[in-house]
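# Observations on the three-dimensional arrangement
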Amino acid sequence: MKTILLVDDDNDFRETLGRVLARAGYEVRQATNGREAVASYREAPSDLVITDLIMPEREGIETILELRRLQPEVRVIAISGGGRVGPGDYLRMAQSLGAQRTLSKPFPSDQLLKAIEEVLAG
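Since this is a predicted model, take the numbers as computed values, not measurements.

## Considering the sheet that holds strand β5 (residues 101–104)
Read from one edge to the other, the open sheet built from five strands follows the order β2-β1-β3-β4-β5, with strand pairing classed as parallel. Looking at strand neighbours, the two that pair on one side only are β2 (27–31) and β5, the edges of this open sheet. Each neighbouring strand pair of the sheet contributes to a mean axis angle of 20°, computed without reference to strand direction. In terms of strand pairing, strand β1 (residues 3–7) meets β2 through five bridges, oriented parallel. Residue pairing for β2: L5 is matched across the bridge by R29.

Spelled out as structure tokens, the structure:
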């Protein structure tokens, strides 16, 4: 069973997405921010990290950079609903830093599941 580390500060969104991923057959670990995510990844690396980009404590961009320092081959899907400038700039930056896929919130669950399959397939 593949393990996904799901990182998002929105509890309702994270819990809902976690249930979708579990129903799809993934083992899901959750973190509410980048600091928790990096600690969790250090303790038990995941097959894939799905991270929001705008979060308190440690944002997604910083989280991707730190995870890449720990494990250069880490697989990442970056998600974002935007912020002051909209999600596009944040998602482009995440992709330039190594996120294999990016998705703009809100997105249909089948779009995320397809992205997960593609990223895990290599």
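## Things to note about the nonpolar core
By size, the foremost hydrophobic cluster in this structure holds 19 residues, and its most contacted members are L5, V7, V49, L53, I64, A78 and A94. Mapped onto this core, the elements with two or more residues apiece are β1, α2 (34–43), α3 (60–70), β4 (76–80) and α4 (87–96). Among residues more than four places away in sequence, those in contact with V7 are A31, N33, G34, A37, V49, I50, T51, D52 and M55. Counting 16 residues, the second-largest nonpolar core is a separate cluster that includes I4, L17, L21 and I50.

## Here's the deal with the packing of aromatic side chains
Applying the stated rule across the entire model yields one aromatic pair. Sitting over the ring of F13, K105 keeps its end group 4.4 Å from the ring centre.

## So, the packing of α2 against α3
In contact at an axis separation of 10 Å, α2 and α3 are set at 15° when each is read in the N-to-C sense. Overall, the two elements α2 and α3 adopt an arrangement that is roughly parallel. As for the relative orientation of α2 and α3, their crossing is right-handed in sense. Side by side, α2 and α3 meet where G34, A37, V38, Y41 and R42 of the first sit next to T63, E66, L67 and L70 of the second.

## So, α2
Every buried residue of α2 is accounted for by G34, A37, V38, S40 and Y41. Buried positions in α2, seen along its axis, are confined to an arc of 165° and lie on one side of it. Opposite the buried face of α2, at more than 90 degrees from it, the exposed residues are R42 and E43. Those residues of α2 that are buried are in contact with β1, β2, β3 (48–52) and α3. The residue sitting at the N-terminus of α2 and contributing the capping side-chain oxygen is N33; that oxygen lies 2.9 Å from the backbone nitrogen of R35.

Cut-offs used in this document
- In this numbering scheme, every chain counts its residues from 1 along its sequence in written order.
- Local features in this predicted model are restricted to residues of pLDDT 70 or higher, and side-chain atom pairs are both shown and tallied only at a pLDDT of 80 or more, whereas totals for entire chains, interfaces and linings draw on every residue.
- The side-chain numbers reported here are obtained from all heavy atoms of the structure, hydrogens and water having been left aside.
- Whether two strands pair comes down to DSSP finding at least two bridges between them.
- Here a helix means four or more residues in a row that DSSP labels H or I, a strand means two or more in a row labelled E, and each is numbered from the N terminus.
- To obtain each axis, a line is fitted to C-alpha atoms, and for helices this fit is confined to the stretch in contact; angles are then taken between N-to-C directions over 0 to 180 degrees.
- Take the buried Ala, Val, Leu, Ile, Met, Phe, Trp, Tyr and Cys residues and link them wherever side-chain atoms come within 4.5 Å; each set so joined is a nonpolar core.
- Remark: exposure states derive from per-residue accessible area (1.4 Å probe, protein chains only) relative to the maximum for the residue type, with buried under 20%, exposed over 50%, and partly exposed in between.
- Two residues form a contact once any of their heavy atoms are found within 4.5 Å.
- Any Phe, Tyr or Trp ring, taking Trp's six-membered ring, that has another such ring centre within 6.5 Å forms a pair; planes under 30 degrees apart are called stacked, those over 60 apart edge-to-face, and the others tilted.
- Geometrically, a charge over a ring is one whose NZ (Lys) or CZ (Arg) sits within 6 Å of the ring centre while staying within 35 degrees of the ring normal.
- By definition in this entry, angles of less than 35 degrees are roughly parallel, angles greater than 145 are roughly antiparallel, angles of 65 to 115 are roughly perpendicular, and the rest are oblique.
- By convention, the crossing between two helices is left-handed when the near helix turns anticlockwise from the far helix through less than a right angle, and right-handed when the turn is clockwise.
- Each C-beta atom gives one direction from the helix axis, and the arc is the one those directions make.
- Counted as a polar contact is a pair of N or O atoms within 3.5 Å, where, for protein atoms, one must be capable of donating a hydrogen and the other of accepting one, and residues adjacent in sequence contribute only when both atoms are in side chains.

It is worth stressing that arrangement in space is one thing and function is another; only the former is reported here.
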